[in-house]
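Now for the letters of each chain:
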Amino acid sequence: MQTLEIKPVEYEHPQDGASCVAHAWARTPATPTADQRTALKARIKQLLVEREAVLVAHYYVDADLQDLAEETGGCVSDSLEMARFGRDHAARTLIVAGVRFMGETAKILSPEKRILMPDLDATCSLDLGCPVDEFTAFCDQHPDRTVVVYANTSAAVKARADWMVTSSIGLDIVKHLHAQGKKILWAPDKHLGGYIQKETGADMLLWQGSCLVHDEFKGVELDLLKEQYPDAKVLVHPESPANVVALADVVGSTTQIINAAVEMDADTFIVATDNGILHKMQAAAPGKKFIVAPTAGNSATCKSCAHCPWMAMNGLQNLADLLENMDTVTSNEIFVDAEIGQQAVVAINRMLDFAAAKKAKVQPGPDLGQEAQLFSGIGPA
Ligand code: SF4
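Keep in mind that what you see is a predicted model, and the values were worked out from it rather than measured. (Residues numbered from 1 in each chain as written. Predicted model: local features only at pLDDT ≥ 70, side-chain atom pairs only at ≥ 80, totals over all residues.)

Engineer: Even after reading the chapter, I still don't get the overall build of the protein chain, so can you show me in this structure?
Structural biologist: Along the protein chain, the regular secondary structure elements total 15 helices and 14 strands. Compactness check: the protein chain gives a C-alpha radius of gyration of 20 Å against a globular reference of 21 Å for 381 residues, within 12% of the reference. Each principal axis of the C-alpha distribution contributes one length, and for the protein chain these read about 55 × 55 × 40 Å. Every one of the 381 residues in the protein chain was classed for burial, and the buried ones make up 51%. (Helix = DSSP H or I, 4+ residues; strand = E, 2+ residues; numbered from the N terminus. Rg over C-alpha atoms; globule rule 2.2 N^0.38 Å. Buried ≥ 20, exposed ≤ 12 C-beta atoms within 10 Å, placed from the backbone.)

Here it is in structure tokens:
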């Protein structure tokens with residue numbers, strides 16, 4: 001029986017134009033011993049073959065799961081690439097190590113496949129903070145606006161949207177809609193929405209959600225850290241607050257941040273995103289130094305530990321248990337209502353078609369011109 005720790009989690013829940021603090025929880029598996037790790041990894045490799053399943057993992061999950069995904073022919077990436085990889089892979093069963101909306105997006109793009117997750121209660125503060133009934137009422141109040149939602153939303157919210165976007169291509173899609181004279185209703189991330197609004201000048205009405213990890217990065221402390229490391233480049237995910245984004249050398253999605261670390265001519269980087277990404281960054285750019293951008297510090301609620309408590313719900317033990325029992329288990333399987341899936345896929349495919357029309361070349365904002373070569377992929381969280 002594995003040991004599990006329940007952590008309280010606080011997040012912002014937008015309400016009536018303002019926001020309140022809401023409460024959730026995350027269930028974190030205990031860290032296995034070295035011997036347990038070795039045994040579990042070997043067992044998972046064997047089970048993936050026996051079950052003819054493929055593991056797709058997000059950059060923010062446990063490093064062992066990322067390694068396992070790569071070593072077994074799966075993938076480690078952002079949520080959109082996870083879904084695209086799963087859709088195009090021959091396996092009939094996808095094991096998604098990430099959070100729930102990623103499993104749902106995989107199911108929407110591959111409705112004929114079985115999508116399983118180590119823990120279906122792994123969620124996201126952006127998803128939690130944008131319930132479909134409240135969001136639908138908001139949209140209904142603004143029928144003149146084109147509804148653009150971020151990938152970090154439920155299937156039902158995507159079904160209510162005209163477009164789904166990721167953090168890198170969102171800028172280009174809003175720019176495109178703005179050029180057509182469209183007014184935008186944006187949800188759920190206020191920081192990413194504010195960043196895109198500033199860069200494009202579009203008329204955007206913003207839902208006031210936030211990512212509880214990125215919301216904790218601190219601009220003043222980051223400025224002080226830059227003084228300590230004057231040669232360091234600052235890489236920031238645009239879910240971070242505006243005063244943190246303002247200090248960035250590169251603003252980009254997870255994939256773009258990793259590419260920047262590889263390609264930029266610098267030895268030291270300060271990174272403002274979930275610290276799970278450091279595993280991939282260190283592997284992709286060995287010899288370079290990575291420093292997590294300052295937060296308010298660790299706390300009892302894990303609010304400021306720069307690591308998503310829900311991503312941390314994916315562990316070796318619950319992955320092995322899932323694979324052992326997957327013939328009978330139903331509590332770990334993602335289901336999306338067929339009608340909602342058919343509506344949601346329209347918003348997702350609009351983005352995919354837009355990206356394909358641009359040959360997936362995402363242009364950076366004007367302040368990022370010198371880093372244009374880095375922006376050659378798309379990816380959400
Ligand atoms: S890191 Fe933030 S945006 Fe990503 S899943 Fe966790 S809460 Fe959601």
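Engineer: So what exactly am I meant to see when it comes to the pairing of strand E9 (residues 184-187) here?
Structural biologist: Looking along a regular strand, one sees side chains alternate from face to face of the sheet. The alternating pattern of E9 places Ile184 and Trp186 on one face and Leu185 and Ala187 on the opposite face, and all of these are buried. For strand E7 (residues 146-150) and E9, the ladder comprises four bridges, and the chain directions are parallel. Paired with Val147 across the bridge in E9 is Leu185. Two strands pair when backbone bridges link them, and E9 and strand E10 (residues 204-206) are joined in this way by three bridges, in the parallel orientation. Following the sheet pairing, Leu185 is matched in E10 by Leu205. As a crossover connection, the stretch from E9 through helix H9 (residues 190-200) into E10 is right-handed. (Pairing = 2+ DSSP bridges. Right-handed = clockwise from strand over helix to strand, strands pointing away.)

Engineer: Got a minute to help me understand the UniProt feature "binding site: iminosuccinate" (unreviewed entry) in the protein chain in this structure?
Structural biologist: With numbering aligned to this structure, UniProt lists the feature "binding site: iminosuccinate" (unreviewed entry) at His58, Ser79, Tyr150, Ala151, Asn152, Ser167, His237, Pro238, Glu239 and Thr254. Its location among the elements puts Ser167 in the loop between strand E8 (163-165) and helix H8 (170-179). Residue classification places Ser167 among the buried residues on the basis of 29 C-beta atoms within 10 Å. Locating Glu239 in the fold gives a position in the loop between strand E11 (233-236) and helix H11 (242-245). The class of Glu239 is buried, set by 29 C-beta atoms lying within 10 Å. (UniProt positions renumbered as here; feature names shortened; annotations may be inferred.)

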